[in-house]
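# Structural overview
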Amino acid sequence: AAGWSLPLLPLQILWMNLVTDVFPALALALEPASPEIMKQPPRSSRSTLLSGPFLVLIGWQAALLGALALGAYVWALQMYGPGSHARTIALFALVAVQLGHTFNCRSRSRSAFDGLFSNPFIWIATFVVVLLQLLAVYFSPLAAVLGTVRPSLIDWIVICCCGLLVVAFVELAKFVFRWKLHTFQPHKTPVFD
């Protein structure tokens, strides 16, 4: 739509959907319940699963992930031009923001650093995804199938910054949410976790 060359190949999208997305999703399913969960009032039977505020949350966080990954891709287009190198940066930046966001998704209101090691499956999933991504560029047969090239040191820095920035932005939003809740409604517990 922007007139750029294709940021991801079909096999790269399939790789993300079938390989690198699965392990973090399974790890999140095994996340321990929040210690605050029993302090929350019961949800109304009339409440919807996808409420307006929840859809807004999904929307702005999806836009953030997309903007960071596309920003890395634009940078790669300027550095390397269209082709395998720029697509590799786009793929790895997208996986990095998804991995960073995995830690954000542990709670809608608590910090990603709260109980950081309470779910070992998140760390196992992160390790597996990083290992698979390294194989995708350093194992030549897989790199040939996926159309990836080996990133340079500066590429790795850009990719890692994408993963860290998504955590930083969502942490800031969670901090503001908690601050508003405690400032304006000091006795109220969050309505979601």
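Our structure is the block above this text.
Reading the values: the criteria
- Residues numbered from 1 in each chain as written.
- Predicted model: local features only at pLDDT ≥ 70, side-chain atom pairs only at ≥ 80, totals over all residues.
- Heavy atoms only, no water.
- Helix = DSSP H or I, 4+ residues; strand = E, 2+ residues; numbered from the N terminus.
- Buried < 20%, exposed > 50% of the residue type's maximum accessible area, 1.4 Å probe, protein only.
- Contact = heavy atoms within 4.5 Å.
- Areas by Shrake-Rupley, 256 points an atom, 1.4 Å probe, with all protein chains shown as cover.
- Lys, Arg positive; Asp, Glu negative; His and termini not counted.
- Charge placed at Lys NZ, Arg CZ, Asp CG, Glu CD.
- Salt bridge = Lys/Arg side-chain N within 4 Å of Asp/Glu carboxyl O.
- 1 Å grid on protein atoms, 1.4 Å probe; cavity = no way out; pocket = protein on both sides within 12 Å on 5 of 7 lines; lining within 4 Å.
- Points joined across faces, edges and corners; volume = space filled by probe spheres on them.
- Nonpolar A, V, L, I, M, F, W, Y, C, P; charged D, E, K, R; others polar.
- Phe/Tyr/Trp six-rings, centres within 6.5 Å; stacked < 30°, edge-to-face > 60°.

## Here's the deal with the overall build of the chain
On a plain count of helices and strands, the chain comes out with seven helices and zero strands. Along the chain, helices (α) and strands (β) appear in the sequence α-α-α-α-α-α-α when read from the amino end. If you line up the chain on its principal axes, its C-alpha atoms span 55 × 35 × 30 Å. Buried positions account for 37% of the 193 residues belonging to the chain. Relative to all contacts within the chain whose residues are 6 or more apart in sequence, the contacts with residues 24 or more apart total 78%. Carbon and sulfur atoms make up 75% of the accessible area of the chain, which totals about 11200 Å². With 12 positive and 7 negative side-chain charges, the chain shows a separation of 7 Å between the mean positions of the two kinds.

## Considering the pattern of salt bridges
For the structure on display, the rule yields two salt bridges. Between D114 and R110 there is a salt bridge, with the nearest N and O atoms lying 3.5 Å from each other.

## So, the layout of surface pockets
Volume-wise, the second largest pocket comes out at about 480 Å³. For the second largest pocket, the lining is made up of 20 residues, of which A96, L99, G100, T126 and G163 are closest to its centre. When residues of the lining of the second largest pocket are traced back to their parent elements, those giving at least two are α4 (84-104), α5 (120-138) and α7 (153-184). Classifying every residue of the lining of the second largest pocket by side-chain character gives 16 nonpolar, four polar and no charged.

## Regarding the packing of aromatic side chains
For any pair of aromatic rings, the description rests on two quantities: the centre-to-centre distance and the angle between the ring planes. One pass over the structure, following the stated rule, counts four aromatic pairs. Here W75 and Y80 contribute two aromatic rings whose centre-to-centre distance is 6.1 Å and whose plane-to-plane angle is 85 degrees, an arrangement assigned as edge-to-face. When its relative accessible area of 22% is taken as the criterion, W75 is described as partly exposed. Arranged with centres 5.2 Å apart and planes meeting at 20 degrees, the rings of F117 and W123 form a pair that is stacked. Relative accessible area serves as the criterion here: at 34%, W123 is assigned to the partly exposed category. Aromatic rings pair up to connect F103, F117 and W123 into one cluster.

Read these as spatial facts, not as claims about activity.
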